[in-house]
There are 2 protein chains.
Amino acid sequence: MRISDVAIRAGVSPGTASKALNGTGQLRAETRDRVHRAAAELGFRPHGLARALSLGRSFTVGLLTTDSFGRFSLPVMLGVEDAMGAGEMAVLLCDTRDDPLRERHYLRTLVARQVDGLILTGRRTEPRVPVEVPNSLPVVYVFRPCADPAATSIVVDDAGGARLAAEHVLGLGRRRVAVITGPPSHLAARTRADAVVATLSGQGLAPAGPVQFGEWSERWGRLAATSLIRRGEEVDAILCGSDQIARGACDGLREADLRVPDDVAVVGFDNWDVMALACRPPLTTVDLELQQLGRQAAALLLDAIAGEVRPGRHQIAPRLVIRESSVGA
Amino acid sequence: MRISDVAIRAGVSPGTASKALNGTGQLRAETRDRVHRAAAELGFRPHGLARALSLGRSFTVGLLTTDSFGRFSLPVMLGVEDAMGAGEMAVLLCDTRDDPLRERHYLRTLVARQVDGLILTGRRTEPRVPVEVPNSLPVVYVFRPCADPAATSIVVDDAGGARLAAEHVLGLGRRRVAVITGPPSHLAARTRADAVVATLSGQGLAPAGPVQFGEWSERWGRLAATSLIRRGEEVDAILCGSDQIARGACDGLREADLRVPDDVAVVGFDNWDVMALACRPPLTTVDLELQQLGRQAAALLLDAIAGEVRPGRHQIAPRLVIRESSVGA
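Because the structure is predicted, anything quoted here is derived from the model rather than measured. (Residues numbered from 1 in each chain as written. Chains lettered and ligands numbered in written order. Predicted model: local features only at pLDDT ≥ 70, side-chain atom pairs only at ≥ 80, totals over all residues. Heavy atoms only, no water.)

Draft legend 1. Molecular detail of the overall build of chain A. Broken down by element type, chain A carries 13 helices and 12 strands. Taken over C-alpha atoms, the radius of gyration comes to 25 Å for chain A, far larger than the 20 Å a tight globule of 329 residues would show. The principal-axis extents of the C-alpha atoms in chain A amount to approximately 85 × 40 × 30 Å. When the 329 residues of chain A are sorted by exposure, 57% land in the buried category. Considering only contacts in chain A between residues 6 or more positions apart, those separated by 24 or more positions represent 70%. For chain A, the distance from the average position of its 39 positive side-chain charges to the average position of its 38 negative side-chain charges is 5 Å. (Helix = DSSP H or I, 4+ residues; strand = E, 2+ residues; numbered from the N terminus. Rg over C-alpha atoms; globule rule 2.2 N^0.38 Å. Buried < 20%, exposed > 50% of the residue type's maximum accessible area, 1.4 Å probe, protein only. Contact = heavy atoms within 4.5 Å. Lys, Arg positive; Asp, Glu negative; His and termini not counted. Charge placed at Lys NZ, Arg CZ, Asp CG, Glu CD.)

Spelled out as structure tokens, the structure:
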């Protein structure tokens, strides 16, 4: 079975058949389709691997997460896949599940497969140690940055997102702003809370009570909001470290017969649609733009593969999504 | 740079270096590590592609979802990745986003890359048309089966899961069982509801009121449960088509001053941890065992690649997870 057989069946020249199968040159979509149909009917497979080898490239990148693909890595992954798939790059998926042995195994496998580059991601925002791969292999760290400042990392501007939330409630005239967030051991919880406190302080305000650190759960949001009210803290806004916490806070306020947002405005963080839209009322929240983050990570990697390495820590700006929990119906 | 350079640096024979880099033979972990470290230090990459080509295999499979990777396809994907990664197979990720053009593009790309097999998945359970790829390429359909009975598909036993839920509440002595589920246009909603009605009927019972079809949302669960109570329907159990619906139903019952499970037992479907655990009280629900489904799909594909095709529609059994919404604290 040769490419000339495909050309004959498709009624085109062998050169045209080759262009169509290799995705090169300028061809009409109809011609390209006819060649692919003929190739499929004949069971002809172009020598993708042989071609890649002769070019010294695999047209493949590895996408490796240090913890299970989940709510945060999923949209990042979709963005990477979207940006890569639009070209001719394929994405190999690896999940190390926080296991250093699995990580080593995958890195070896990816290097042996001659991937053109690597994207590393994870659920936490704490910087991670660089991966051990040959220096010539381009690597981009996304969401979870690399501790090495000379590496290429791209992350969400968590502090900027928290400032957006704080400025929003201040702009609505709220002055008694409480903060409920996740565990103090999590960098994301501390970064977001610190940025809120700094923004309030810029207006000569202190938070309503100390920042309440706890867990990333609805239950914690409900408990913390309820205890704020019970101890008589005067509060007209609650900025939460996640949408789950914010949803719990809304439930706690409602059960204490307070109205959201009339009595207390509530703002979440993440724009996790399932939580933000099911919340009563629907949540104003900070969208992390994770899919965009994945697309930009892919663009940085493609640049690096093309020889244009852009070292340093890049940030993308989150976006405030305004719904009823801060401004009413 | 040759493999003998790596062998010298690692202080092993070239044969041992080759075994370590190819992952063949019996070597001590320490020896294998030393060779890989030496290879990394020298920037040596074994010719993974050349080796694969000479074997006529790419040791790569494509994982293609017909709709965006999401809540259902994610655990399936993790299971596939886990089972494949344990061997030497890598998983190429493709998301067609319900776009036939994207699907054609990806199928071509995967065939050109000489993948050893394909796994197709999707969010809906309605059978799909077979993909057009060469007959020699093994394909497994997972979660969303193929309409062709000669294809290899593996799906969740939705009816079996609904029977487990119904038998559970009947076993608790409940006799006035209502059903609230998703859109009637969704096969999963109809299959689950039909199985509940059949199980009740097997005990000489009819459902409490007609099956309520609506949407897959908390809001719908809340509305439907509230309207059941308002119209005075006597009900001591509600079987829901999803955890979101069940969580909404629990909220609706609580707001109507009914106790779950003392007055009404509630059972969900999916065991989506975020919903099931945040529900008040935590939900009894049907676990779809999606990660296991992904692992078994990978096993079916590996068998097919090895020449052992197992055509037909395979099913895995869901599992009832019992929590407070049916049996109390």
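Draft legend 2. Region of the structure containing the sheet that holds strand E7 (residues 212–213) of chain A. Residue and element names in this part refer to chain A. Taken in spatial order, the 4 strands make up an open sheet running E7-E6-E8-E9, and their pairing is parallel. Lying at the two open borders of the sheet, with one neighbouring strand each, are E7 and strand E9 (265–267). Sheet topology places strand E6 (residues 177–181) next to strand E8 (residues 237–240); 4 bridges connect them, and they run parallel. By the bridge assignment, Ile180 is partnered in E8 with Cys240. Its contacts with the sheet put helix H9 (residues 218–230) on E6, E7 and E8, and the angle it makes with E6 is roughly 150°. (Pairing = 2+ DSSP bridges. Axes fitted to C-alpha atoms, helices over the stretch in contact; angles between N-to-C directions.)

Draft legend 3. A look at the sheet that holds strand E7 (residues 212–213) of chain B. Residues and elements named next belong to chain B. The 4 strands are arranged E7-E6-E8-E9 in an open sheet whose pairing can be described as parallel. Each end of this open sheet is capped by a strand with a single partner; those strands are E7 and strand E9 (265–267). Inspection of the sheet shows strand E8 (residues 237–240) paired to E9 by 3 bridges, in the parallel sense. Note on E9: the bridge partner recorded for Ile238 is Val266.

Draft legend 4. Broad picture of the confidence of the model for chain A. Taken residue by residue, chain A gives an average pLDDT of 89. The fraction at 70 or more is 92%. For this predicted complex, the interface confidence comes out at an ipTM of 0.75, alongside a pTM of 0.80. (pLDDT = per-residue confidence, 0-100.)

Draft legend 5. Fine view of the environment of Gly171(A). Residue and element names in this part refer to chain A. Position of Gly171 relative to the elements: it lies in helix H7 (residues 158–171). By relative accessible area, Gly171 is classed as exposed at 66%. The sequence separation of Gly171 and Ala299 amounts to 128 residues, and the corresponding C-alpha distance is 36 Å.

Draft legend 6. Focus on the pattern of salt bridges. Residue and element names in this part refer to chain A. As enumerated under the stated definition, the model contains 42 salt bridges over all chains in all. For Arg34, the salt bridge identified is with Glu30, shortest N-O distance 3.0 Å. Residue Arg34 and its partner Glu30 are both found in helix H3 (residues 29–42); the two are separated by 4 residues, about one turn of the helix. Under the relative-accessibility criterion, Arg34 is labelled partly exposed at 26%. (Salt bridge = Lys/Arg side-chain N within 4 Å of Asp/Glu carboxyl O.)

Draft legend 7. Up close: helix H6 (residues 100–112) of chain A. Residue and element names in this part refer to chain A. With 13 residues, H6 extends 18 Å between its outermost C-alpha atoms, agreeing within 8% with the 18 Å of an ideal straight helix rising 1.5 Å per residue. For H6, the full list of buried residues reads Glu103, Tyr106, Leu107, Leu110, Val111 and Ala112. Capping the start of H6 is the job of one residue whose side-chain oxygen sits 2.8 Å from the backbone nitrogen of Leu101: Asp99. (Expected span 1.5 Å × (residues − 1). Polar contact = N/O pair within 3.5 Å; in protein donor to acceptor, adjacent residues only side chain to side chain.)

Draft legend 8. Representation of the state of the cysteines in the model. Evaluation of the coordinates by the stated rule reveals 0 disulfides over all chains. With no disulfide of its own, Cys146(B) lies 18 Å from the sulfur of Cys94(B), the closest cysteine sulfur. (Disulfide = S-S within 2.5 Å.)

Draft legend 9. Highlighting the nonpolar core. Among the nonpolar cores identified, the biggest contains 87 residues, and Met84(A), Leu293(A), Met84(B) and Leu293(B) are the most heavily contacted of them. Dropping the residues within four chain positions of it, Met84(B) is found in contact with Val61(B), Met89(B), Val91(B), Ile119(B), Ala298(B), Leu301(B) and Leu302(B). Counting residues in each nonpolar core, the second largest holds 36 residues, with Leu64(A), Val133(A), Cys94(B) and Ala151(B) among its members. (Core = buried A, V, L, I, M, F, W, Y, C linked by side-chain atoms within 4.5 Å.)

Draft legend 10. Structural context of the packing of H9(A) against helix H10 (residues 243–255) of chain A. All names here are of chain A. One can describe the packing of H9 onto H10 by two numbers: an axis separation of 6 Å at closest approach and a directional angle of 40°. Between H9 and H10, the angle is such that the two are oblique. Pair H9 / H10 crosses with right-handed handedness. Packed against H9, whose contacting residues are Glu218, Trp220, Gly221, Arg222, Ala225, Thr226 and Ile229, the element H10 presents Gln244, Ile245, Arg247, Gly248, Ala249, Asp251, Gly252, Leu253 and Glu255 at the interface. Taken together, the residues of the contact of H9 with H10 sort by class into 6 nonpolar, 5 polar and 5 charged. (Parallel < 35°, antiparallel > 145°, perpendicular 65-115°, else oblique. Left-handed = near helix turned anticlockwise from the far one by under 90°. Nonpolar A, V, L, I, M, F, W, Y, C, P; charged D, E, K, R; others polar.)

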